[in-house]
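Chain by chain, the residues run as shown.
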Amino acid sequence: MSGARDPLHAALTQQPWTYTAVVLGLDHIHDVNGRPLGERRAPAEARRDVPLELVACPYRDERKGRLMNRSALEPTVRALPEVAADVAAVHVALPADLTGWPRMLAVVLDQLAAPARFLLDARRDDVKVPALLAAAHKLAAGYFGALRALLRDLAAELGPAAECSAAGFLSYVRERGSLIGASEVCAGTPRHIELLTRLFVGGAQELGAAADSARRASLVPGRLALAQLVASQVQLGIEWSVFDELVERELLVEAHARGQLRPRTAFLADRLAERVAELEARPCPGSRLRGAPDEAATAAEAEIVHQLLGYDDAALRLDPELRVRYAQRFADAIARYRRLIAEQERLEREVRGALGYPVELEVPLNPLLCPRPRSLEWLEAFSGHRLQRRAAPREHLVLRNHRRTVVFA
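Residues numbered from 1 in each chain as written. Predicted model: local features only at pLDDT ≥ 70, side-chain atom pairs only at ≥ 80, totals over all residues. Heavy atoms only, no water.

So, on to a nonpolar patch on the surface. Side chains of Leu 52, Leu 54 and Leu 67 sit close together on the surface and give an oily, nonpolar patch of about 240 Å² of accessible area. Tracing the chain through its elements places Leu 67 in strand E2 (residues 67-69). (Patch = residues over 30% accessible without salt bridge, like charges linked within 9 Å, V, L, I, M, F, W, Y side chains within 5 Å. Areas by Shrake-Rupley, 256 points an atom, 1.4 Å probe, with all protein chains shown as cover. Salt bridge = Lys/Arg side-chain N within 4 Å of Asp/Glu carboxyl O. Helix = DSSP H or I, 4+ residues; strand = E, 2+ residues; numbered from the N terminus.)

Here it is, written out as structure tokens:
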């Protein structure tokens, strides 16, 4: 697979790309054993003629009896001792002031990115990924989704903070059913899952690793810097997604209940009702709406949105007394989204520098760096103007429809 939609191909041919898209976009790439990194997630072409044995899970936990991929388990188990030593080495080498769940996130991302680093360093997409790096990626993939969900819950202040320990993480995983996927369950043995979790959380102290493990972790130039940069990017995306949901709740839920939002079409009325029901069914984040002072919109920017809300272009009309407050809220959300884009671009250029790649190419947005701005999607319904990003000749956001284009930033 190659082409404009393949992030690795884009990076190698100097098209717009992001490192995280490469890291998460290698399902079709094969390792030296001929297995695709994505296993059953890989495209059908990549799985052709690859041995696949699905068996009933024998482990006495919530997975028992469900289908698991034994073919994928065997090579990862063989590589586990080396992966464990490498995880311990990274823990030893990371800065001491990086602690708790953020430290675990950096370690997990380091292992998840192992094939991407290899291929980007080789500057080729037609080489087989070494077995150890493929195993590291596959083992870390299961942890990344669960850890990201945990970090979002912490950012949203949902429930008591999970204890940063192997026991705390495993308890969270079991509560969420993270070992059970849509079509198969995690194939790791309970003993291996517990061992790897202790390593990802606690590192070298769990393995009794030698002191020279820090030197082993530094063999790839910029490796630790990459892990910390990408961890920062992931956390920024999580923080935005929590803020975004809070804004969406403030705009929709109460006003909808009071009949202050008036859709012009039955389709939009149904869409609004469905989204409000979805929000009401979810636990409400407890984070405050206010961001940092430099993320607030200026009075002039709020006035721009206020004017747009006053035109008769909207498919979802507001009661007039709500217009000032909604204009300020939308403007603040745009300002924070603008800051998110700018910070993710800055970090992405640092990532490219650490990899030895040109830094000046456009940075496309992706759902990990800039999760879907659902609150701002409602701005189109309320104002009749779509928020768009323009990266050239300089980065800015515009609000536009068929009648007018207004530069917001």
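For the rest of this paragraph, the subject is the environment of Glu 254. Structurally, Glu 254 can be placed in helix H12 (residues 223-257). The partly exposed category is assigned to Glu 254, whose relative accessible area is 45%. In this structure the C-alpha to C-alpha distance between Glu 254 and Val 276, which are 22 residues apart in sequence, comes to 9.3 Å. (Buried < 20%, exposed > 50% of the residue type's maximum accessible area, 1.4 Å probe, protein only.)

Take the packing of helix H7 (residues 131-155) against helix H8 (residues 166-176) next. Running from N to C, H7 and H8 point in directions that differ by 95 degrees, and their axes come no closer than 10 Å. With respect to H8, the element H7 is oriented roughly perpendicular. Within the contact between the two elements, H7 uses Tyr 143, Ala 146, Leu 147, Ala 149, Leu 150 and Asp 153 and H8 uses Phe 169, Tyr 172, Val 173 and Arg 176. Across the contact of H7 with H8, the residue classes break down as eight nonpolar, no polar and two charged. (Axes fitted to C-alpha atoms, helices over the stretch in contact; angles between N-to-C directions. Parallel < 35°, antiparallel > 145°, perpendicular 65-115°, else oblique. Contact = heavy atoms within 4.5 Å. Nonpolar A, V, L, I, M, F, W, Y, C, P; charged D, E, K, R; others polar.)

On to unusual backbone geometry. A negative phi angle characterises most non-glycine residues, just as the trans form characterises most peptide bonds. At Gln 14, a residue that is not glycine, the phi angle is positive and equals roughly 60 degrees. Here Gln 14 lies in the loop between helix H1 (7-12) and helix H2 (19-23). Positive phi, normally seen in glycine, also occurs at Asp 49, with a value near 65 degrees. In this fold, Asp 49 is placed in the loop between helix H3 (44-47) and strand E1 (54-56).

Across the sheet, which stays open at both edges, the three strands sit in the order E5-E6-E7 with antiparallel pairing between neighbours. The open sheet has two free edges, formed respectively by strand E5 (386-390) and strand E7 (405-407), since each of these has just one partner strand. Shown here is a sheet whose adjacent strand axes are inclined to one another by a mean of 30 degrees, direction ignored. Pairing between E5 and strand E6 (residues 396-400): five bridges, direction antiparallel. When the sheet's bridge partners are listed, Arg 389 is paired in E6 with Leu 397. (Pairing = 2+ DSSP bridges.)

All right, on to the packing of aromatic side chains then. As enumerated under the stated definition, the model contains eight aromatic pairs in all. For the ring pair Trp 101 and Phe 169, a centre distance of 6.1 Å and an interplane angle of 45 degrees mean the geometry is tilted. In this pair, Trp 101 sits in helix H5 (residues 100-112) while Phe 169 sits in helix H8, placing the two residues 68 residues apart along the sequence. Since its relative accessible area comes to 2%, Phe 169 is described here as buried. The interplanar angle of 40 degrees and the centroid separation of 5.8 Å between the aromatic rings of Trp 240 and Phe 243 together place this pair among those described as tilted. Taken together, the residues span about one helical turn, with Trp 240 and Phe 243 both in helix H12 at a distance of three residues. Accessibility expressed as a relative area gives 2% for Trp 240, which makes it buried. Classification of Phe 243 as buried rests on a relative accessible area of 4%. If you follow Arg 271 out to its NZ or CZ, it ends over the ring of Trp 378, 4.3 Å from the centre. (Phe/Tyr/Trp six-rings, centres within 6.5 Å; stacked < 30°, edge-to-face > 60°. Lys NZ or Arg CZ within 6 Å of the ring centre and 35° of its normal.)

Our focus in this paragraph is the environment of Arg 400. Here Arg 400 is to be found in strand E6. Considering only alpha carbons, one finds Arg 400 and Arg 386, 14 residues apart in sequence, at a separation of 5.4 Å. Beyond its immediate stretch of four places on either side in the chain, Arg 400 contacts Gly 384, His 385, Arg 386, Gln 388, Arg 390 and Thr 405.

For helix H14 (residues 299-310), spanning twelve residues, the distance from its first C-alpha to its last is 16 Å, which sits close to the expected 16 Å at 1.5 Å a residue. When H14 is considered as a whole, its buried residues turn out to be Glu 301, Ala 302, Val 305, Leu 308 and Leu 309. All buried residues of H14 fall inside an arc of 120 degrees around its axis, so they share one side. Summarising the geometry of H14, the exposed residues directed more than 90 degrees from the buried face are Ala 299 and Ala 300. Taken together, the buried residues of H14 touch strand E4 (316-318), helix H15 (323-355), helix H16 (374-383), E6 and E7. (Expected span 1.5 Å × (residues − 1). Arc of directions from axis to C-beta.)

What follows concerns the pattern of salt bridges. Counted according to the given criterion, the structure contains 32 salt bridges. One salt bridge in this structure joins Arg 35 and Glu 39, with 2.8 Å as the shortest N-O distance. For the pair shown, Arg 35 and Glu 39 are each scored as buried. Between Asp 332 and Arg 329 there is a salt bridge whose closest N-O contact spans 3.5 Å. Here Arg 329 and Asp 332 lie together in helix H15, a separation of three residues that amounts to about one turn. Each member of the pair Asp 332 and Arg 329 is classed as buried. Salt bridges sharing partners connect three or more residues here, namely Asp 31, Arg 35, Glu 39 and Lys 138.

Take the packing of H5 against H7 next. To characterise two packed helices, one gives the angle between the axes of the helices and the distance between these axes. Two numbers describe how H5 lies on H7: the axes approach to 8 Å, and their chain directions differ by 150 degrees. On the basis of their axis angle, the class for H5 and H7 is roughly antiparallel. Between H5 and H7 lies a crossing whose hand is left-handed. Of H7, the residues touching H5 (which contributes Trp 101, Met 104, Leu 105, Val 108, Leu 109, Gln 111 and Leu 112) are Ala 136, His 137, Ala 140, Ala 141, Tyr 143, Phe 144, Leu 147, Leu 150, Leu 151 and Leu 154. Along the lines of polarity and charge, the residues of the contact of H5 with H7 split into 15 nonpolar, two polar and no charged. (Left-handed = near helix turned anticlockwise from the far one by under 90°.)

From the geometry alone we can't say anything about function, so treat these as descriptive.
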